[in-house]
Amino acid sequence: MTEFSRTSGIHGARPAPARRETVRRAGRAAAALVLLAVCGLAQAQPEPRVPCIDCPERVFSPRPETGLWNNPLDPTGTGFMLEVQGERVAGFHFGYDDAGEPVWFLIAGTLEMPADDSEALWVVESDLTRFSGGPCIDCPSSTPLVDGLAGTVRFEFLSRNHARFRVDGGAWQELISFAFGAAVGNPFAAVSDLPLPDLSGRWVVVLQSQSAQMPRSRVRGATQLVVLQRDDGAADAPAVRYRIFPVAGFCPPDSPCIGTPPPPPSIGVFECVGTQSFGPLCTLELESQAGMLMFTARPADISDSRWIAETGDGRDLQAFRVDHD
């Protein structure tokens with residue numbers, strides 16, 4: 001069993017102070033060359049493996065994870081910071097110019113549905129806009145100016161935590177979201193480079209069903225506050241298993257509890273397994289008033305703050321970690 005460990009920082013990233021004179025010297029010509037140099041470095045690195053062999057078709061399209069995105073196998077430390085709010089995406093590409101100085105490009109676009117024959121869930125296109133002439137961190141305020149464009153970037157999000165991008169129709173490059181807010185590990189390192197966050201703790205789960213009038217939207221359903229508890233002894237390696245418990249009710253302030261109530265019975269199991277022949281893949285069994293519900297979840301749709309599982313017949317369950325972000 002692979003142990004989870006705390007991580008902090010992006011492998012290979014190194015902060016550097018802004019230098020206004022360097023930015024001005026680079027100018028528009030460097031802006032066009034910077035991304036080509038960065039892309040050349042990224043293309044020389046192996047792509048992260050995110051397999052999902054025989055995964056069931058998805059009905060619901062989860063939005064991309066907000067945060068840092070990079071290729072963990074690329075030692076240059078370059079990548080993207082993306083903020084997703086509704087249908088809009090904004091953020092920055094962070095890299096270096098031909099002199100090795102840091103450079104950032106602004107990104108802004110809208111989540112669009114892909115073509116019917118695409119494997120992507122969402123696509124985003126944006127200009128790469130460079131600025132110069134702004135103040136240093138402790139200098140008097142001054143307005144930066146647009147210093148040119150370095151092409152058009154296109155993202156195709158294949159899962160909540162897995163994407164690819166290319167610039168001006170160039171070669172595709174793979175990205176995964178970077179998890180650092182919870183313990184992470186990779187029990188399936190033999191077949192996948194996508195880390196799996198530890199899901200222990202309190203979650204709100206929401207059962208939803210597809211709307212006939214709006215196929216990509218959801219009808220709000222049952223909601224439950226639960227606790228996921230790691231169950232290392234019950235699973236064969238490589239596997240990760242959690243037992244699911246309902247959160248016990250609180251005693252009212254004017255009637256304190258006496259004694260210690262017994263723990264509530266488990267109402268479900270969440271388990272991820274994987275081999276070179278079929279995985280990794282996660283399954284969820286959850287009790288309901290209508291009986292046992294069975295869901296499937298892709299590891300690439302599981303993040304430190306949210307995960308999505310589906311039945312395959314138009315019903316999905318979304319889980320949100322409590323007191324996390």
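Everything numeric in this text was worked out from a predicted model, so none of it was measured.

1. Some words on a nonpolar patch on the surface
A contiguous nonpolar surface patch, about 270 Å² in accessible area, is contributed by Met81, Phe92 and Trp104. By the element assignment, Met81 lies in strand β2 (residues 79-85).

2. Looking at the pattern of salt bridges
Under the defined criterion, the tally for this structure stands at 10 salt bridges. For the salt bridge of Arg154 with Glu125, the shortest nitrogen-to-oxygen distance reads 2.9 Å. Taken as a pair, Arg154 in strand β6 (residues 145-159) and Glu125 in strand β5 (residues 122-132) lie far apart in primary sequence, 29 residues in all. Among the ionic pairs, Arg202 bridges to Asp323, the shortest N-O distance being 3.0 Å. Here Asp323 lies in the segment after β19 (315-321) and Arg202 lies in strand β11 (residues 201-210), a separation of 121 residues in the sequence. Taking the relative accessible area as the measure of exposure, Arg202 reaches 36% and is therefore partly exposed. One connected set of salt bridges, linked through shared partners, spans Glu119, Glu125, Arg154, Glu156 and Arg164.

3. Concerning unusual backbone geometry
The backbone of Asp168 sits at a positive phi, close to 50°, despite the residue not being glycine. Positionally, Asp168 belongs in the loop between β7 (162-167) and β8 (173-177).

4. Points about the state of the cysteines
A complete count under the given rule lists 2 disulfides for this structure. The disulfide bridge from Cys136 ends at Cys139, spanning 1.6 Å between sulfur atoms. Because the sign of the S-S torsion sets the handedness, a value of about 80° for the bond joining Cys136 and Cys139 places this disulfide among the right-handed ones. According to the relative accessible area criterion, Cys139 is partly exposed, its value standing at 32%.

Definitions and cut-offs
Residues numbered from 1 in each chain as written. Predicted model: local features only at pLDDT ≥ 70, side-chain atom pairs only at ≥ 80, totals over all residues. Heavy atoms only, no water. Patch = residues over 30% accessible without salt bridge, like charges linked within 9 Å, V, L, I, M, F, W, Y side chains within 5 Å. Areas by Shrake-Rupley, 256 points an atom, 1.4 Å probe, with all protein chains shown as cover. Salt bridge = Lys/Arg side-chain N within 4 Å of Asp/Glu carboxyl O. Helix = DSSP H or I, 4+ residues; strand = E, 2+ residues; numbered from the N terminus. Buried < 20%, exposed > 50% of the residue type's maximum accessible area, 1.4 Å probe, protein only. Disulfide = S-S within 2.5 Å.

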